[in-house]
Every structure is written in C-alpha cells, then in structure tokens.
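These are the residues of each chain, in order.
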Amino acid sequence: MTAQSIKKVVLAYSGGLDTSAIIPWLKENYDCEVVAFAADVGQGDEELEGLREKALATGASECYIVDLKEEFVRDYIYPTITTGAVYEGQYLLGTSMARPVIAKAQVEIARKVGADALCHGCTGKGNDQVRFEGAFASLAPDLTVIAPWREWDMHSREDLLDYLAERKIKTSASATKIYSRDANAWHISHEGGELEDPWCEPSKGVWTLTTDPEDAPNTPERIMLSFEAGKLVAINDEKLSPYQALVKLNSLAAPHGVGRIDIVENRLVGMKSRGCYETPGGTVLMAAYKALELLVLDKRSMQYREQQAIEFSHLVYDGRWFTPLCNAMLASAAEFAAKLTGDIVVKLYKGQATVVQRRSPNSLYSEDFATFSKDEVYDQKHAEGFIRLFSLSSRIQALKNQNGKV
C-alpha cells in the first residue's frame, strides 16, 4: 500500500515526545487521519492524565484509552509464570509480556474505526519494533505498518523538540531527559543516562518503585500466597482478582526493597543493553510459584519444565506470542499447573523474598520417607541395587578402560 492510499492510521500513543511528534508527521507525510490509541496496562493514573486532550491538541482525530490491566495480568502474566520463564536467568519479562496485549488491542481499535494502517514509535535499535510488528503480522497481515523512526530524518530528542516547536505544538519534554522508563503493573524499567556505562553503579535517582534495601525495615514481613491450579487467588486469605493481587504484592514487597536487578542483556537485534528493573510483586510471585512446583512436581517433570522455561523466555522476549509454538508451550505448562494448588509463605526482608513455609494437598513430599529418624516405610538396603543399575554404564566403561579395550 502506498502512502497516497493510506487514509486512516491507528497510532500506539503514550503522550511522550516521540509519539507527540509522530501525529503531525503522519498527517504531513501521509495526508491521513490519525487515531491515537493508549493502553492502560497499570502504568499509573498519572501517566494517563490528560492524555486524550493532549492527543487531540497534537492533531489526532480521536484518542482511545483502553483498560487492559486485568487482561494483561490474567492472560499474559499468569500464563507466563506457569512456564517459569526468566530471560537470561534474571529478567522477568515485564516489557516483553505487555507488548502482545497492547498490539492486540491496537489491532482491535483499527478494525473498529476502519483504519488501513498501524503505527508505533519504536526505534530501529530496540526489541519492541519486532514485538509489535510480529504481533501485527499474526493478527492483521492486511494492515500496513508505519515505523517513523525508520523513515524520517530526525535522529535525536533535540530534532523532535525543534520539529514540534516549529509547529507551535506544546510538549512537556525537554532535551535533558535522563532516563528512558517503561512502567506497567508488573514492573518498571530504566535505561539510558548513567546506565549506558556498565561500570557506573546506579545512583539512588534511578530507582522509583522500591525502597533501597539498605533503608528497608529492620523487621521482616511474612505473606501467604494461595494458589488454585497454578493461579494466584488470595494473599493472606484475601480473595483478589489477578490484577488486584499483583497490586497488593507490589505494595507489600516494594517497601522491603524486593525485586531490583541491574543487568546487561542481549537484545534481539544483536546488541547488548544495560537496564535496571524493579519487579517487587513479580519477584515474590515467581519465588512462591517455583516453591509450589518443587513441592508438587516430580523430578522429570521439573527437569522438562525448567528446559521449557528457557525456551519460553526467549519466545516472549522475541515477540512470538501469537504463534502455534506459544500455544503449544502454554498448553504444556497448563497441564503441569493443574496440580499446583496450595499455600506458600514468603518472608520479605532487606531486598530478599525467601520462601519459608509451603503446603499443598498434591504435595509429593512425605515426611515418612524423608525423615532422618527411624521409619517403617523405606528399606535402605534397596539403594544398593538401584545404584549399581544407575551407574552400570559407567562401570562398563571403566572396565573396558582397565582392560585396554578402548
């Protein structure tokens, strides 16, 4: 589809500098109507305040703000937790999980208003361009995708500010923005500024969601998470919806400094990037879920699930949510999750979330078998035959070596 044939575009709009410049740029370069779309994924009311008015003032014909909070947690975060996915051993995929639910809603708005194109403000260096456009390819291959950062001749914040100033479009952005941040119900990420030097320790100004563990309370706090078939249903016996439960966990864990990480990760596009992430409630939830798995699943199931976790972390990070592989892996994880019912108590203290109590009606732990005291159910003599068979291949190899046959 040519620029001349595009009549209406739905833009993923945040109200930041980039998307504020994109609205007039689209109108000038594509001579089209621009519909702004903003997703409420739990980034906070202050981020959404005045957003519609700002979009309209910048040139949008309409601005849709869609509440995706419960859907985000229920249909994307919770299923990902059942896979155990943690990217490169540390990153809990906060930004990655949010992109498919946003892209899906953007496509739905495009269908509603009869748009023939979709637009995002992702740069050509990042992962999000792949995540959004991968989702668009799966959900709306007939719609044209416009990525201004890959088309226009602007290269910096100063260029964008000058562009808006020339058109007398007001913006609260400045040329001295320190950090690039992305927030949702699961986490907040921080990039840029001092963090671009991996030798530079993050200052206190980086962190915005959690208390510095050094300043956290000197008294630990214990909370109980209750699960039914792998889903968190209550905290301290209080029944909560998926989103409400996550908000509660964030409010409990953040004051204890839980959930901070500082990592250098491998971006999908080939470069490494350094970021700081705060995921207080998610860190507690993942620790509790893993503890419940270890209580209920057998050794081979856990081994398979851990391998699956690595694969799924890359799938989510790489923006391949709306694929047959994702569906198959989530179905597999749901099968394991079906037996994960029980209660887990986590102790919060000085940046740590430590599981201290666990129980489940489906627990495979048996004190009768595991006890170091005298028992009536386990004959220790049986271990000898098991060990001989378990190590038989090693024994045969050693005998061949001794006899000089290898």
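Here the structure is a predicted model, which means the values were calculated and not measured.

Here is what the cut-offs are and how they apply
Residues numbered from 1 in each chain as written. Predicted model: local features only at pLDDT ≥ 70, side-chain atom pairs only at ≥ 80, totals over all residues. Heavy atoms only, no water. Helix = DSSP H or I, 4+ residues; strand = E, 2+ residues; numbered from the N terminus. Buried < 20%, exposed > 50% of the residue type's maximum accessible area, 1.4 Å probe, protein only. Areas by Shrake-Rupley, 256 points an atom, 1.4 Å probe, with all protein chains shown as cover. Lys, Arg positive; Asp, Glu negative; His and termini not counted. Charge placed at Lys NZ, Arg CZ, Asp CG, Glu CD. Axes fitted to C-alpha atoms, helices over the stretch in contact; angles between N-to-C directions. Parallel < 35°, antiparallel > 145°, perpendicular 65-115°, else oblique. Left-handed = near helix turned anticlockwise from the far one by under 90°. Contact = heavy atoms within 4.5 Å. Salt bridge = Lys/Arg side-chain N within 4 Å of Asp/Glu carboxyl O. Phe/Tyr/Trp six-rings, centres within 6.5 Å; stacked < 30°, edge-to-face > 60°. Lys NZ or Arg CZ within 6 Å of the ring centre and 35° of its normal. Patch = residues over 30% accessible without salt bridge, like charges linked within 9 Å, V, L, I, M, F, W, Y side chains within 5 Å. Pairing = 2+ DSSP bridges. Polar contact = N/O pair within 3.5 Å; in protein donor to acceptor, adjacent residues only side chain to side chain.

On to the overall build of the chain. What the chain contains, in helices and strands, is 14 helices and 14 strands. Along the longest, intermediate and shortest principal axes, the C-alpha atoms of the chain span 85 × 60 × 45 Å. Buried positions account for 49% of the 406 residues belonging to the chain. Of the accessible surface of the chain, which amounts to about 20700 Å², a share of 51% is contributed by carbon and sulfur atoms. Computed over 45 positive and 56 negative side-chain charges, the separation of the two mean positions in the chain equals 5 Å.

Another point: the packing of helix H4 (residues 69–83) against helix H5 (residues 94–113). Between two packed helices, what matters for the description is the angle formed by their axes and the separation of those axes. Packing of H4 against H5 brings their axes to within 10 Å, and their N-to-C directions diverge by 135°. With respect to their mutual orientation, H4 and H5 come out oblique. As H4 packs across H5, the resulting crossing turns out to be right-handed. Along its contact with H4, which presents Glu71, Phe72, Tyr76, Ile77 and Thr80, the element H5 presents Gly94, Met97, Ala98, Pro100, Val101 and Lys104.

So, about the environment of Val206. Examined against the element boundaries, Val206 turns out to sit in the loop between strand S7 (188–191) and strand S8 (221–228). With residues near it in sequence (within four places) discarded, Val206 still touches Tyr179, Arg181, His190, Glu194, Leu195 and Cys276.

What follows deals with the pattern of salt bridges. Summed over all chains, the structure comprises 23 salt bridges. Here Arg99 makes a salt bridge to Asp128, at a shortest N to O gap of 2.9 Å. Here Arg99 is found in helix H5, whereas its partner Asp128 is found in helix H6 (residues 128–139), with 29 residues between them in sequence. Judged by its relative accessible area of 9%, Arg99 is buried. According to the relative accessible area criterion, Asp128 is buried, its value standing at 18%. The residue Lys204 makes a salt bridge to Asp212 at a minimum N-O spacing of 2.6 Å. Judged by relative accessible area, Lys204 falls into the exposed class, the value being 56%. One connected set of salt bridges, linked through shared partners, spans Arg99, Asp128, Arg131 and Asp182.

In total, this model carries 12 aromatic pairs according to the counting rule given. Consider the rings of Phe132 and Phe136, whose centres lie 6.1 Å apart with planes at 40°: the pair is tilted. Of this pair, Phe132 and Phe136 both sit in helix H6, four residues apart, which is roughly one turn of that helix. On the basis of relative accessible area, Phe132 is assigned to the buried category, the value being 6%. Of the residues examined, Phe136 reaches a relative accessible area of 1% and is grouped as buried. Each residue in the set Trp25, Tyr30, Trp149 and Trp152 is aromatic and connected to the rest through ring pairs, giving one cluster. Directly above the aromatic system of Tyr243 lies the positively charged group of Lys69, at a separation of 5.6 Å from the ring centroid.

Residues Asp45, Glu46, Glu47 and Glu49 make up a contiguous surface patch of negative charge. Residue placement: Glu46 occurs in helix H2 (residues 45–48).

This brings us to the sheet that holds S7. One open sheet holds the four strands; their spatial order is S6-S7-S12-S11, and the pairing between them is antiparallel. Looking along the sheet, the strands with just one partner apiece sit at the ends: strand S6 (180–183) and strand S11 (260–266). Going across the sheet, the axis of each strand differs from the next one's by a mean of 25°, ignoring polarity.

Turning to the side chain of Arg99, a few remarks are in order. A polar side-chain atom of Arg99 sits 3.2 Å from a polar atom in the side chain of Asp182. If we ignore the near neighbours within four places in the chain, the residues touching Arg99 are Asp128, Arg131, Phe132 and Asp182.

What follows covers the sheet that holds S8. On the basis of which strands lie adjacent, the open sheet formed by five strands has the order S10-S9-S8-S13-S14 and antiparallel pairing. In this open sheet, the two strands that pair with only one neighbour each are strand S10 (238–239) and strand S14 (352–359). Sheet topology note: the S8/strand S13 (residues 342–349) ladder contains seven bridges and is antiparallel. Its bridge partner being in S13, Met224 is matched across the sheet by Val345.

A few words now on the pairing of S11. Looking at chain direction, S11 and strand S12 (residues 272–278) are connected through seven bridges and run antiparallel. Residue pairing across strands places Glu265 opposite Ser273, the latter belonging to S12. Taking the residues between adjacent antiparallel strands as the criterion, S11 and S12 are bridged by five residues, where Gly270 takes a positive phi near 115°.

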